[in-house]
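What follows is the residue order along each chain.
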Amino acid sequence: MRVILFDLDGTLIDSTEAILEGFRVVFEKFNKKYPGDAEVKKLIGLPLDVMFSHLGIKENVWDYVNEYKKHYRKISKEKTVLLPGAEEAIRLASTFARLGIVTTKTALYSKELLEHFGVMDYFEVLIGREDVSNPKPHPEPILKALHLMNANKETSWMIGDTCLDMISAKDAGINYVGVKFEYESEKNLKKCADIVKKDVFEAVKYIQSYCYKK
């Protein structure tokens, strides 16, 4: 059976408000100047330690990560929403494919969010940051998901909103579709993905039509 792997932030959920608040709170806690929302948004999708490093934190970066996680967990459910069409996309995809999540977010928090939205049961696997040594854009997270699902690469797809997702999928040897969101410009995304849809529901419909033509 076909497999569809989904990214989370910018693909199925919008947790921008929670992410930005988390970074603001942590920079304030450590008496550091906050680089600004725009700079943080550019980095969403990367692992937290990499984000903090790009934002100028070169020492004790894991202290920042841990403080961020503490605050994020408190506010994430309240300040995260399913993106328009996301639930419909999940339900449609489940009718013709097995589903998984591949994210650079912490797996524990990601699972809690999906359970909060009532959709976690649709997914067989959830690969988060702590489950791999090399996060996206490395292919390891996708390859691990495929291994756990005993899936064939030829019939597997990745849906994501950034080049991190597309590069990971390409290097893992599976099909991929990009979706538009504010974390990656459409121009950049089109450099990484031949197929870019306006949202995750349109991406799932594309995969469905593509598969049924085969």
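Below is a summary of the structure that appears in this document. Since the structure is predicted, the reported quantities are computational estimates derived from the model, not experimental observations.

What counts and what doesn't
- Residues numbered from 1 in each chain as written.
- Predicted model: local features only at pLDDT ≥ 70, side-chain atom pairs only at ≥ 80, totals over all residues.
- Heavy atoms only, no water.
- Axes fitted to C-alpha atoms, helices over the stretch in contact; angles between N-to-C directions.
- Helix = DSSP H or I, 4+ residues; strand = E, 2+ residues; numbered from the N terminus.
- Parallel < 35°, antiparallel > 145°, perpendicular 65-115°, else oblique.
- Contact = heavy atoms within 4.5 Å.
- Nonpolar A, V, L, I, M, F, W, Y, C, P; charged D, E, K, R; others polar.
- Pairing = 2+ DSSP bridges.
- Left-handed = near helix turned anticlockwise from the far one by under 90°.

**Observations concerning the packing of helix H4 (residues 61–75) against helix H6 (residues 107–116)**
Thought 1: The contact between H4 and H6 brings their axes to 11 Å, and the two run at 5°. With respect to H6, the element H4 is oriented roughly parallel. Residues Lys69, Tyr72 and Arg73 of H4 form the contact with H6, whose own contacting residues are Leu108, Tyr109, Glu112 and Leu113.
Thought 2: Partitioned by chemical class, the residues of the contact of H4 with H6 number four nonpolar, no polar and three charged.

**A closer look at the sheet that holds strand S8 (residues 196–197)**
Thought 1: In space, the six strands of this open sheet follow the order S5-S4-S1-S6-S7-S8, with parallel pairing throughout. Edge positions in the sheet fall to strand S5 (123–127) and S8, since each of these pairs with one other strand and no more.
Thought 2: Relative to strand S6 (residues 156–160), strand S1 (residues 2–6) runs parallel, the two being bridged by four bridges. Each bridged residue has a counterpart across the sheet, and for phenylalanine 6 the counterpart in S6 is isoleucine 159.
Thought 3: Across the sheet, helix H5 (residues 86–93) is in contact with S1, strand S4 (97–102) and S5; its angle to S4 comes to roughly 135°.
Thought 4: Sheet strands touched by helix H7 (residues 140–149): S1, S4, S5 and S6. Its angle to S5, the strand with the most contacts, is close to 150°.

**A closer look at the packing of helix H1 (residues 16–29) against H4**
Thought 1: Running from N to C, H1 and H4 point in directions that differ by 135°, and their axes come no closer than 9 Å. Classified by the interaxial angle, the pair formed by H1 and H4 is oblique. By crossing handedness, the relation of H1 to H4 is classed as right-handed. Of the residues in H4, those in contact with Ala18, Ile19, Glu21, Gly22, Phe23, Val25, Val26 and Lys29 of H1 are Tyr64, Glu67, Tyr68, His71, Tyr72 and Ile75.
Thought 2: Looking at side-chain class alone, the contact of H1 with H4 contains nine nonpolar, two polar and three charged residues.

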